[in-house]
Amino acid sequence: MTPDEPLIDFDWVARNLDEIARRLGEHLVMTGIAVVVGFLISFALALAIRRSRRLYGPILAVSGVLYTIPSLALFALLIPITGLSLLSAEIALVSYTVLILVRNIVAGLESVPADVTEAAIGMGFTPLERLRRIELPLAVPVIVAGLRIATVTTVGLVTVTSLIGQGGLGYFIVVVGIRDFFPTPIYIGAGLSIVLALAADVALLGIQRALTPWARASGAA
Amino acid sequence: MTAEPALSSSPDDDPGTRSGAVVELEHLTKRYGPSSTPPAVNNLSLTIPAGEICVLVGPSGCGKTTTMKMINRLVEPTGGRVLIDGEDVAGLPAVELRRRIGYVIQQVGLFPHLTVADNTAVVPTLLRWPAPRIRARVDELLDLVGLEPAAYRDRYPAELSGGERQRIGVARALAADPPVMLMDEPFGAVDPIRRDRLQNEFLRLQARVRKTIVFVTHDVDEAIKMADQIAILQVGGVLAQYDTPEAILAQPASEFVEHFVGADRGLKRLSLGRVRDLPLLEPVLARSGETAAEVQRRLDAAEVDYALLVDARNRPVGWIEAGQLGDGEVRDGRLPEDLAMPGAPLLMPESTLRDALSAMLGSSVQLGAVVDEHDQVIGLISVDQIAQLMRRAPDDA
Amino acid sequence: MGAGKRRRLMDLLSSFLAWLTDASHWTGDTGIPVRVGEHLLISGIPLLVAIVVALPVGLFIGHTGKGALLAVSLGNIGRALPSLGILGIILPLTLPLTAGTDIPLGLPPSLIALFALALPPIITNCHVGIREVDRDLIEAARGMGMRETQVLTRVELPLATPVILAGIRTSAVQVVATATLGAVLGIGGLGRYILDGISQHDDGQLITGAVLVALLAILTELGFAALQRASVSPGLRSTGDRAYEVAGQAPRPPA
Ligand SMILES: Nc1ncnc2c1ncn2[C@@H]1O[C@H](COP(=O)(O)OP(=O)(O)O)[C@@H](O)[C@H]1O
Ligand SMILES: [Mg+2]
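Residues numbered from 1 in each chain as written. Chains lettered and ligands numbered in written order. Predicted model: local features only at pLDDT ≥ 70, side-chain atom pairs only at ≥ 80, totals over all residues. Heavy atoms only, no water.

Considering the overall build of chain C
Next up, step 1: In terms of helices and strands, chain C carries 11 helices and 0 strands.
Next up, step 2: Ordered by position from the N terminus, the helices and strands of chain C form the series α-α-α-α-α-α-α-α-α-α-α.
Next up, step 3: In terms of overall dimensions, chain C has C-alpha extents of about 70 × 50 × 30 Å along its principal axes.
Next up, step 4: By the burial criterion, 52% of the 255 residues in chain C qualify as buried.
Next up, step 5: Taking as baseline every contact in chain C between residues at least 6 positions apart, the subset at least 24 positions apart corresponds to 73%.
Next up, step 6: A total accessible area of about 11,600 Å² is found for chain C, and carbon and sulfur atoms account for 67% of it.
Next up, step 7: Within chain C, one finds 18 positive and 17 negative side-chain charges whose respective centroids are separated by 5 Å. (Helix = DSSP H or I, 4+ residues; strand = E, 2+ residues; numbered from the N terminus. Buried < 20%, exposed > 50% of the residue type's maximum accessible area, 1.4 Å probe, protein only. Contact = heavy atoms within 4.5 Å. Areas by Shrake-Rupley, 256 points an atom, 1.4 Å probe, with all protein chains shown as cover. Lys, Arg positive; Asp, Glu negative; His and termini not counted. Charge placed at Lys NZ, Arg CZ, Asp CG, Glu CD.)

Re the interface of chain C and chain A
Next up, step 1: Tallying the contact residues gives 43 residues for chain C and 39 residues for chain A.
Next up, step 2: When chain C packs against chain A, the two sides together hide about 3,500 Å² of surface, and 84% of this comes from carbon and sulfur.
Next up, step 3: Seen at the junction of chain C and chain A, the total is 0 salt bridges.
Next up, step 4: Counting across the interface, chain C meets chain A through 1 residue pair in polar contact (both at pLDDT 80 or more).
Next up, step 5: Contributing elements (two or more residues each) for the side of chain C that touches chain A: α1 (3–21), α3 (68–80), α4 (83–98), α7 (148–178), α8 (191–199), α9 (203–231) and α11 (243–246) of chain C.
Next up, step 6: The dominant element in the side of chain C that touches chain A, judged by the number of residues it contributes, is α9 of chain C, at 10 residues.
Next up, step 7: Among the residues forming the side of chain C that touches chain A, the class breakdown is 34 nonpolar, 3 polar and 6 charged. (Buried area = accessible area lost by both parts, 1.4 Å probe. Salt bridge = Lys/Arg side-chain N within 4 Å of Asp/Glu carboxyl O. Polar contact = N/O pair within 3.5 Å; in protein donor to acceptor, adjacent residues only side chain to side chain. Nonpolar A, V, L, I, M, F, W, Y, C, P; charged D, E, K, R; others polar.)

Quick word on the packing of α3 of chain C against helix α5 (residues 107–132) of chain C
All names here are of chain C.
Next up, step 1: Direction vectors running N to C along α3 and α5 enclose 140 degrees, while the axes themselves pass 8 Å from each other. Relative to α5, the element α3 lies oblique. Considering how the two elements wind past one another, α3 and α5 form a crossing that is left-handed. Each of A68, A71, V72, L74, G75 and G78 in α3 lies in contact with α5, whose residues at this interface are P120, I123, T124 and H127.
Next up, step 2: Broken down by class, the residue content of the contact of α3 with α5 amounts to 6 nonpolar, 4 polar and no charged. (Axes fitted to C-alpha atoms, helices over the stretch in contact; angles between N-to-C directions. Parallel < 35°, antiparallel > 145°, perpendicular 65-115°, else oblique. Left-handed = near helix turned anticlockwise from the far one by under 90°.)

Observations regarding the packing of helix α4 (residues 71–82) of chain A against helix α5 (residues 86–109) of chain A
All names here are of chain A.
Next up, step 1: As a packed pair, α4 and α5 sit with axes 9 Å apart at the nearest point and diverge in direction by 140 degrees. It follows from the interaxial angle that α4 and α5 lie oblique. By crossing handedness, the relation of α4 to α5 is classed as right-handed. Along its contact with α4, which presents S71, L74, F75, L78 and T82, the element α5 presents L87, S88, A89, I91, A92, L93, S95 and Y96.
Next up, step 2: The residue makeup of the contact of α4 with α5, split by class, is 9 nonpolar, 4 polar and no charged.

Section: the pairing of strand β6 (residues 101–105) of chain B
Next up, step 1: The buried count for β6 of chain B comes to 5 of 5 residues, which makes it a mostly enclosed element.
Next up, step 2: Where burial is concerned, the two faces of β6 of chain B agree: the one with I101, Y103 and I105 of chain B and the one with G102 and V104 of chain B are both buried.

Some words on the site of ligand 1
Residue and element names in this part refer to chain B.
Next up, step 1: Every residue near ligand 1 is listed here: Y32, A40, S60, G61, C62, G63, K64, T65 and T66.
Next up, step 2: A distance of 3.3 Å is found between a nitrogen atom of ligand 1 and a side-chain nitrogen or oxygen belonging to Y32.
Next up, step 3: In this structure, K64 approaches ligand 1 through a main-chain N or O atom, which is 2.9 Å from an oxygen atom.
Next up, step 4: Relative to its unbound accessible surface of 560 Å², ligand 1 loses 53% to contact with the protein.
Next up, step 5: When its residues are assigned to classes, the shell around ligand 1 shows 3 nonpolar, 5 polar and 1 charged. (Near = heavy atom within 4 Å.)

Points about the sheet that holds β6 of chain B
All names here are of chain B.
Next up, step 1: If you trace the 6 strands from one edge of the open sheet to the other, you get β6-β7-β8-β3-β9-β10, paired in mixed fashion. A strand with exactly one partner marks an edge of an open sheet, and here the two such strands are β6 and β10 (238–243). Recorded for the sheet is a direction-independent mean angle of 15 degrees between the axes of neighbouring strands.
Next up, step 2: With 5 bridges joining them, strand β7 (residues 180–184) and strand β8 (residues 212–217) adopt parallel strand pairing. For M183, the partnering residue across the bridge sits in β8 and is F215.
Next up, step 3: Of the strands in this sheet, β3 (53–57), β7 and β8 touch helix α8 (residues 192–209), which is tilted by about 140 degrees from β3. (Pairing = 2+ DSSP bridges.)

Considering the interface of chain B and chain A
Where interface size is quoted, it is often the accessible area lost as the parts come together.
Next up, step 1: Counting from both sides, the interface comprises 24 residues of chain B and, opposite them, 21 residues of chain A.
Next up, step 2: Among the residues of chain B in contact with chain A, F111, H113 and L126 of chain B are the three that bury the most area, contributing 28% of the side total.
Next up, step 3: Here K69 of chain B makes a salt bridge to E118 of chain A, at a shortest N to O gap of 3.5 Å.
Next up, step 4: Secondary structure elements with two or more residues in the side of chain B that touches chain A: α2 (94–99), β6 and α4 (122–126) of chain B.
Next up, step 5: Per element, the largest residue contribution to the side of chain B that touches chain A is 4 residues, and it comes from α4 of chain B.
Next up, step 6: Of the residues assigned to the side of chain B that touches chain A, the class counts are 14 nonpolar, 5 polar and 5 charged.

Observations concerning the packing of aromatic side chains
Residues and elements named next belong to chain A.
Next up, step 1: Following the criterion strictly, the structure yields 11 aromatic pairs over all chains and no others.
Next up, step 2: Between the aromatic rings of Y67 and Y96, the centroid separation amounts to 6.4 Å while the plane-to-plane angle is 70 degrees, which identifies the pairing as edge-to-face. Residue Y67 is found in helix α3 (residues 56–68), and its partner Y96 is found in helix α5; the two are separated by 29 residues along the sequence.
Next up, step 3: Relative accessible area serves as the criterion here: at 2%, Y96 is assigned to the buried category. (Phe/Tyr/Trp six-rings, centres within 6.5 Å; stacked < 30°, edge-to-face > 60°.)

A closer look at helix α5 (residues 131–144) of chain B
Residues and elements named next belong to chain B.
Next up, step 1: Between its terminal C-alpha atoms α5 stretches 20 Å, which fits the 20 Å expected from 14 residues at 1.5 Å a residue.
Next up, step 2: Residues of α5 that are buried make contact with α3 (116–120), α4, α6 (149–152) and α7 (162–174).
Next up, step 3: A positive phi of about 80 degrees marks G146, the residue just after α5. (Expected span 1.5 Å × (residues − 1).)

A word on the confidence of the model for chain C
Residues and elements named next belong to chain C.
Next up, step 1: Per-chain confidence: chain C averages 86 in pLDDT, with 91% of residues scoring 70 or above.
Next up, step 2: Considering each helix and strand of chain C separately, the mean pLDDT is smallest for α11, with a value of 37, and largest for helix α2 (residues 32–64), with 95.
Next up, step 3: Within the model, pLDDT remains below 50 along residues 239–255, and this stretch shows 57 contacts once partners closer than five positions in the same chain are excluded. (pLDDT = per-residue confidence, 0-100.)

Considerations on a nonpolar patch on the surface
Residue and element names in this part refer to chain C.
Next up, step 1: A grouping of L41, I45, L48, V49, V52, V53 and V57 is seen on the molecular surface, where their side chains present a nonpolar patch of about 610 Å² in accessible area.
Next up, step 2: Mapped onto the elements of the fold, I45 is located in helix α2.
Next up, step 3: Classification of I45 by relative accessible area gives partly exposed; the value is 45%. (Patch = residues over 30% accessible without salt bridge, like charges linked within 9 Å, V, L, I, M, F, W, Y side chains within 5 Å.)

A word on the nonpolar core
Next up, step 1: L163 of chain A together with L84 and I194 of chain C are the most contacted members of the largest nonpolar core, which has 75 residues in total.
Next up, step 2: Looking at which element gives the most residues to this core, the answer is α5 of chain A, with 13 residues.
Next up, step 3: Grouped together as the second largest cluster of nonpolar side chains are 63 residues, L126, I134, A175 and I224 of chain B included. (Core = buried A, V, L, I, M, F, W, Y, C linked by side-chain atoms within 4.5 Å.)

What about the arrangement of the chains?
Next up, step 1: For the 2 pairs of chains in contact, the largest share of contacts goes to chains A and C.
Next up, step 2: These two, chain B and chain C, are apart from each other, with no contact and a minimum C-alpha gap of 23 Å.

Following this line, the structure appears as C-alpha cells:
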C-alpha cells in the first residue's frame with residue numbers, strides 16, 4: 001500500500017467480479033435469514049405479550065441485555081458452542097433483530113386508538129378478527145419502521161461475521177483488505193454494504209407505502 | 001340457531017325494513033369492584049317500547065354509559081338482566097349479540113385504514129353477506145345518511161369532516177339493519193350548529209327506520225329534543241324519573257329532577273315543539289336579476305318588510321329590506337346579489353322551537369327561513385309566532 | 001440438554017474461570033487491568049471529543065430548526081455505515097501519518113471512526129429533545145422577555161436533558177462496543193483477547209474477552225441510564241421513564 005497507488009484498483013475488481021457477486025449474494029442471504037427468522041420470533045413474542053402483558057418487562061430486559069453486548073463478543077461466546085459457523089453468526093444476528101422488532105410490533109399493535117378498539121368490540125369483532133382486520137393493518141407503518149432499522153443494522157453487522165469466518169462483503173474488508181493492507185476490496189466491501197443497506201431500506205419503504213394507502217390520505221387531508 | 005324474531009337474522013332478510021325490538025332492563029346492577037364498592041348502576045328497571053328513542057340523561061359519572069354497555073355486554077352486569085324482545089342477552093354469545101346491535105360512540109371510532117365503503121360494510125362483512133348485497137347496502141346507507149355514494153365511497157376517514165364522520169358512524173351502525181341501536185353521546189364532539197343539523201337529520205332518519213334507540217347524553221336540551229322517553233339517572237345509577245319529555249317538564253318527580261332539568265322549564269318546554277308544528281308563513285321571494293319594482297310590488301301586496309333572496313335552486317341567500325329597494329344601487333332596476341343581508345337563520349321542520357327562537361333572536365331580522373333536506377326554502381316562521389305560543393302555555397315558574 | 005452438552009458447558013466454564021483467575025493474566029502489558037484501561041481510553045477519548053463537537057451543533061439545530069434535515073438523516077446514515085467498513089476505509093488514509101513513527105498504525109483510524117460513530121446519536125437527540133419541548137412554553141418564555149440564549153439555557157436545555165443524555169448513552173455504548181473491533185487493526189483493548197482467543201483456539205481467553213467487554217458495555221449502559229434518570233426535572237418525574245423512547249431511536253446494536 002503506497003501513496004501513489006490509485007484509490008481503486010479496477011483490474012482487481014475486474015478479476016474478482018464473480019467473487020464479488022458471490023459475496024454480495026451471501027450477504028443478502030445472511031441478512032434475509034436474520035430478518036425473517038427474527039421477525040417470526042418477534043411476532044410470536046409480540047402475540048404472547050399481547051395476551052399477557054406481564055411478559056413484556058422480562059422479554060424487553062433479556063433482549064435489552066443481548067442488545068448491549070457487542071457483536072464480536074456475542075459471536076465469540078457462541079464459537080465454543082456452535083463453532084466458526086453460519087449458525088453462530090445467525091444466532092447472534094437474529095438476537096439483535098428481535099429487540100428492535102418486538103418493541104415495534106408491540107407498539108404497532110398497541111397503536112390502535114382506544115375509540116377504534118371500542119367501536120370494533122362494540123360491533124362484534126372477535127379478538128382474532130380485531131387482530132387481523134384492525135390491529136395488524138394499522139400496525140404496518142410501525143412494524144415496517146422496525147423492519148427497516150433491523151435490516152439496515154443487520155446489513156452492517158453481517159460484515160463483522162467475517163471475523164468468525166463468515167461475512168459476505170465483510171470478507172473483502174477484513175480478510176482481503178485489512179490483513180493485506182489493500183484498500184480496493186475495503187472500498188468495494190464497505191461501499192456495496194452501504195448500497196445494500198440503503199436499497200433494502202428504500203424497498204421496505206416502498207412496500208409500506210403500497211400497504212398503507214390510507215396513511216397517504218391522512219397526510220393529504 | 002334458535003329462531004328469535006329480533007336477535008336472529010338470516011342473510012335472506014330484506015335489509016332496511018326491520019324495525020325496533022322491545023328492550024327491557026330488569027333490576028340491572030353494576031359494581032366495578034367487590035361487593036363493598038358503591039354500585040355504578042343500582043337496581044335499574046325500565047322498558048323501552050319498540051321503535052322509540054329512549055334517552056339516558058344525567059350528570060357525568062351517573063352510570064349512563066355503564067347502563068348502555070350492559071345492553072351489548074361490553075359490561076357484564078353484577079345483577080339483573082337485559083331482555084330484547086323477551087330474549088335474555090346473556091344467553092347469546094357476546095360477539096353474535098353485538099353484531100345485531102348498532103353501536104355509535106362520540107369519537108366515532110371509524111377504522112382509519114378502511115375506506116368509507118369498507119367501514120360501512122364492516123358488520124355485513126363479519127356476517128359474511130355476499131359481496132353484491134354488501135355493495136348495494138353501502139350505497140343505500142350512504143344515501144340514507146345524506147352522503148352521495150359516488151363521492152364518498154372511496155374516501156378514507158382522514159378525508160372527512162367531523163360531521164361526515166359522524167354520519168358514517170351512524171351508517172355503519174345501521175348496516176346490518178339491527179333492531180336496536182346504542183348511541184353514546186354521538187353528537188357530543190360536534191359544534192352546536194352542526195349538531196343541530198345532525199340531530200334533525202337523525203330524527204328524520206329514525207322516522208323512516210323506526211329502530212329502538214338507547215341514546216346517552218348529558219345535555220338536557222338534546223334529551224328533550226331527541227327523546228320519546230327520557231330516563232333521568234342520579235349519581236350511583238339510580239333512576240330518578242322515566243317518562244316522556246312532556247311529563248318530565250310538567251311534573252318533575254323529585255327535587256333532583258327539577259334541579260337537573262333547570263329553572264327555565266318554560267323555555268325548555270319550547271324544545272318540545274317543532275318548527276313543523278307552526279303554520280309556515282308564505283315568503284316573498286326575490287331572485288337576483290329581478291327588477292326592484294317587481295319585488296317592491298310583491299312586498300306591498302303581501303304587506304311585509306322583507307323579501308327573501310334565493311338562488312336559482314330556491315336556496316336562501318339573505319334578506320332584502322323594502323327600504324333598500326329605492327336606493328341608488330338598484331336605480332337601474334336590477335337586484336344585485338350582494339344587496340341581501342347575509343345570514344338568514346336556516347331552520348328545519350325538525351328544529352325545536354327553542355333552537356329556532358335563539359337562532360332568530362341572534363339575527364338582524366326576526367324571521368327564520370325553513371328549508372327542506374335539500375336546503376330549499378319551504379316557508380318562514382317569525383319570533384312573534386313563538387312568543388304567542390309561550391304566552392299561551394301555562395307557566396310554572 | 002444432553003449430558004454431553006452439559007459437560008461441554010462445564011468445560012467451557014472451567015476454562016474461562018481458569019484463564020480469568022490465572023495470576024499471570026492480571027499483570028504486565030497484556031494483563032487484564034491494562035487491556036481494560038486501554039479499552040476505556042480508546043472509547044473515552046473519542047466519546048468526549050464527540051460530545052464537545054456534537055452538543056453545540058445539536059443545540060444550534062434544535063433551537064433554530066436550521067439543518068433539521070441534516071440531524072435526521074445523520075441518524076439514518078449512521079445506521080447504514082458498517083463500523084468495520086469505516087475502520088477499513090480510514091486505515092489507508094491515515095497510514096501515511098503513522099508510517100515511520102511509534103504510533104500503532106491502527107490507532108488513528110480507530111479513534112477517528114469511533115469519534116464519527118459517536119456524533120449522529122448526540123446531534124439527532126439534541127434536535128429531537130429540543131423540538132419535543134412544548135412550543136407554548138417557549139412562546140411563554142419569549143413573552144416574558146427572555147433572550148434567545150436564555151430560552152435555550154433556561155427552558156429548552158433543562159427539559160431536553162434526558163433525551164440528550166439518551167443520545168450520549170447510545171453513543172457511549174456504541175463506542176465501547178465498536179472499540180472491540182480496533183483489535184482487527186492490531187491495537188489493544190479487550191477485543192485483543194477475543195481475536196487472539198479465536199486464532200489460538202484458546203476458549204478461556206476468548207470467553208474472558210467476550211465477558212469483560214459485554215460487562216463493560218452493560219455497565220456503560222446502566223451508568224448512563226442512571227444519569228439520565230437523575231437528570232429528569234423533579235417536576236417531570238412521572239413521565240421521565242418515557243424520555244428514552246421519546247428520543248425516537250432504538251439504540252443501535254453494537255458493531
Ligand atoms: N371500567 C371501569 N372501571 C371502574 N369504574 C368505572 C369503569 N367505568 C365506569 N366506572 C365508574 O362508574 C361510574 C359510572 O360511569 P359511567 O357509566 O361512565 O358514567 P357516565 O357515562 O354517566 O358519565 C363512574 O363513577 C365511573 O368512574
Ligand atoms: Mg359516559
